[in-house]
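# Coordinate analysis (summary)
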Amino acid sequence: MKFPELLTLEQALAQLDQFDCIIDARSPAEYAEDHLPGAINLPVLDNEERIRIGTLYKQTGAFEAKRLGAALVAANIARHLENSLQDKPQAWRPLIYCWRGGNRSGSMAHIFARIGWPVAQLQGGYQSFRRHVHAELPQLAAQVSWKVICGPTGSGKSALLETLAAQGAPVLDLEQLASHRGSLLGALPGTVQPSQKQFESQIWLRLKQAAGQTLYVESESKKVGNLRVPDCVMEAIRAAECILLEAPFDERVRFLCDSYPHWMQQPDVLCERLSHLAVQHGNQQVQVWKEMVKQAAFRELTASLLERHYDPSYRKSMMKNFGKLQTAQTISLTNLHADSLRAAALRLLEQN
């Protein structure tokens, strides 16, 4: 009789590329919050079923909850076998996990092993992965050579990171991972930010992939939208060598207008966001900006926001938090078009 192979997280991570599939057997809601990199979701209990079993456990007791749970789990595993897994060969090797490596993943792994698949079950489940991420992040942050792309708002920092990544350079794009551009107006239309756990897991993965290499990152603040950059990563970024990106003011205005067209299409929402600046700049100035929105004077609005809000805030923050800015390597661009950014990326890679 075949039994599932039980693996610790360290054992599983060491052979992760040898599995044909990583299966998260938790509910869709648990999976959406965070999961092991590359895992697919084949829940043995859906969101409603998990709540139902938990309620029954509290109200009636373990026996009734387990009896109903077993029936639901069996039906769901059967559905997966008849659908998404129906074409898997005998040599197919999955790694299965749930929340703690208990009944949910154990039930699926046991059935798969009896079928004949060489299945492995993760001991400790997702919780062991979460603990590992927390423990290893400081070590990984110390194992890369950080290069921080600095520059005022609209100088093309994120675009340069994207260009560096396209050239094969290791990049930690915190704004991309956070689905947010990192400022008052940084929310992306129709996009929900990931959970804090998923954000940290993705940072962990990028650092692990870049171990021993030069890693490029943008000079972010501690929070990107609603998400917080882990302290150990933030400390490493702020202590790193800086690369200062400069571009003409008019070009920055053009670049920002081209990069944020959704705000021009949502003037009411834009005005609501600008209201948050009243604390710093007063209601009178905010009303001036709102009038520019009503007049569709977006270039004038962008220029004014840069001059009065973003550039002063940037200078204050950078001088306070990035000690090596004074000795930064400077890259001056005449424009922020793709060709110029690609040339700048190639120069950086040659020099670093």
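These notes cover the structure that comes with them. (Residues numbered from 1 in each chain as written. Predicted model: local features only at pLDDT ≥ 70, side-chain atom pairs only at ≥ 80, totals over all residues. Heavy atoms only, no water.)

So, about the packing of helix α3 (residues 47-59) against helix α4 (residues 62-82). Relative to each other, α3 and α4 sit at 165 degrees, their axes nearing to 8 Å. By the angle class used here, α3 and α4 are roughly antiparallel. Considering how the two elements wind past one another, α3 and α4 form a crossing that is left-handed. Residues Glu49, Arg52, Ile53, Leu56 and Tyr57 of α3 pack against Ala62, Glu64, Ala65, Leu68, Gly69, Leu72 and Asn76 of α4. Here the contact of α3 with α4 is composed, by residue class, of seven nonpolar, two polar and three charged. (Axes fitted to C-alpha atoms, helices over the stretch in contact; angles between N-to-C directions. Helix = DSSP H or I, 4+ residues; strand = E, 2+ residues; numbered from the N terminus. Parallel < 35°, antiparallel > 145°, perpendicular 65-115°, else oblique. Left-handed = near helix turned anticlockwise from the far one by under 90°. Contact = heavy atoms within 4.5 Å. Nonpolar A, V, L, I, M, F, W, Y, C, P; charged D, E, K, R; others polar.)

Core analysis: the largest hydrophobic core is formed by 49 residues, its most contacted members being Trp146, Leu172, Ile203, Leu207, Val233 and Ile237. A total of six residues in this core trace back to one element, the largest contributor, which is helix α6 (residues 125-141). Of all hydrophobic cores here, the second largest spans 22 residues; its members include Leu185, Ala278, Phe298 and Tyr310. (Core = buried A, V, L, I, M, F, W, Y, C linked by side-chain atoms within 4.5 Å. Buried < 20%, exposed > 50% of the residue type's maximum accessible area, 1.4 Å probe, protein only.)

Tallied over the full model, the rule gives six aromatic pairs. With 5.3 Å between their ring centres and 85 degrees between their planes, phenylalanine 129 and tryptophan 204 make a pair best called edge-to-face. In this pair, phenylalanine 129 is assigned in helix α6 and tryptophan 204 in helix α9 (residues 196-209), connecting sequence segments 75 residues apart. For phenylalanine 129, a relative accessible area of 0% puts it in the buried group. Residue class for tryptophan 204 comes out buried when judged on its relative accessible area of 2%. Above the ring of tyrosine 126, the side-chain terminus of arginine 26 is found at 4.5 Å from the ring centroid. Geometry around tyrosine 260 places arginine 181 over its ring, the cationic atom sitting 4.6 Å from the centre. (Phe/Tyr/Trp six-rings, centres within 6.5 Å; stacked < 30°, edge-to-face > 60°. Lys NZ or Arg CZ within 6 Å of the ring centre and 35° of its normal.)

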